[in-house]
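# Chains, contacts and geometry: an overview
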Amino acid sequence: MSGSPGLVDRAEVRDAAAAWTGRVNSVTARMDRVDADALLIRPDGRVAWALPTGQDLDATTLVRAPGTWFGQPA
């Protein structure tokens, strides 16, 4: 897997997505973008939220983005 950068496999992002099991899938991928560690992609393929590279996360941010698009966590 050389050449293209990847989305960073950050535990806090995976853990946050787990609260929406059945509605949100957490996938580690490689992409051409270098400005994001994580993306929340809506079912229609649009990016609903992006975590800028290296940005620290707080609990509010981790709940607000998926909550806006997918409702309250399970």
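Since this is a predicted model, take the numbers as computed values, not measurements.

### Structural notes on the overall build of the chain
The secondary structure content of the chain amounts to 2 helices and 2 strands. Counting all 74 residues of the chain, 26% fall into the buried class. In the form shown here, the chain has an accessible surface area of approximately 5000 Å², with 53% of it arising from carbon and sulfur atoms.

### Focus on the pairing of strand E1 (residues 36-41)
Here E1 pairs with strand E2 (residues 47-52) via 5 bridges, running antiparallel. Residue pairing for E2: Ala38 is matched across the bridge by Leu51. Between E1 and E2, which pair antiparallel one after the other, the connecting turn spans 5 residues, and Gly45 there sits at a positive phi close to 90°.

### Here we look at the confidence of the model for the chain
Close reading of the predicted structure is inappropriate where its pLDDT is low. Residues at a pLDDT of 70 or more form 86% of the chain, whose mean pLDDT is 77. Of all the helices and strands in the chain, helix H2 (residues 59-70) carries the lowest mean pLDDT, 79, while E2 carries the highest, 86. Below a pLDDT of 50 lies the segment residues 1-5, which in the model reaches 9 contacts outside its immediate sequence neighbourhood of four places, other chains included.

### Some thoughts on the pattern of salt bridges
For the coordinates displayed, the defined rule picks out 1 salt bridge. Here Asp44 makes a salt bridge to Arg42, at a shortest N to O gap of 2.5 Å.

### Examining the environment of Thr21
Here Thr21 is to be found in the loop between helix H1 (11-18) and E1. A distance of 2.6 Å separates the side chain of Thr21 from the backbone oxygen of Ala18, its partner in a polar contact.

### Thoughts on the side chain of Asp37
Within the secondary structure layout, Asp37 lies in strand E1. Engagement of the side chain of Asp37 in a polar contact is seen with the backbone nitrogen of Gly54, the distance being 2.9 Å.

### Digging into H1
Taken residue by residue, H1 has Val13, Ala16 and Ala17 as its buried positions. Angular distribution of buried residues about the axis of H1 spans 100°; they occupy a single face of the element.

### Section: the environment of Arg23
Topologically, Arg23 is positioned in the loop between H1 and E1. According to the relative accessible area criterion, Arg23 is partly exposed, its value standing at 37%. For the pair Arg23 and Pro43, spaced 20 residues apart in sequence, the C-alpha separation works out to 9.8 Å. Non-local contacts of Arg23, meaning those with residues more than four positions away in its chain, are made with Phe70, Gly71, Gln72, Pro73 and Ala74.

Criteria and cut-off values
- Residues numbered from 1 in each chain as written.
- Predicted model: local features only at pLDDT ≥ 70, side-chain atom pairs only at ≥ 80, totals over all residues.
- Heavy atoms only, no water.
- Helix = DSSP H or I, 4+ residues; strand = E, 2+ residues; numbered from the N terminus.
- Buried < 20%, exposed > 50% of the residue type's maximum accessible area, 1.4 Å probe, protein only.
- Areas by Shrake-Rupley, 256 points an atom, 1.4 Å probe, with all protein chains shown as cover.
- Pairing = 2+ DSSP bridges.
- pLDDT = per-residue confidence, 0-100.
- Contact = heavy atoms within 4.5 Å.
- Salt bridge = Lys/Arg side-chain N within 4 Å of Asp/Glu carboxyl O.
- Polar contact = N/O pair within 3.5 Å; in protein donor to acceptor, adjacent residues only side chain to side chain.
- Arc of directions from axis to C-beta.

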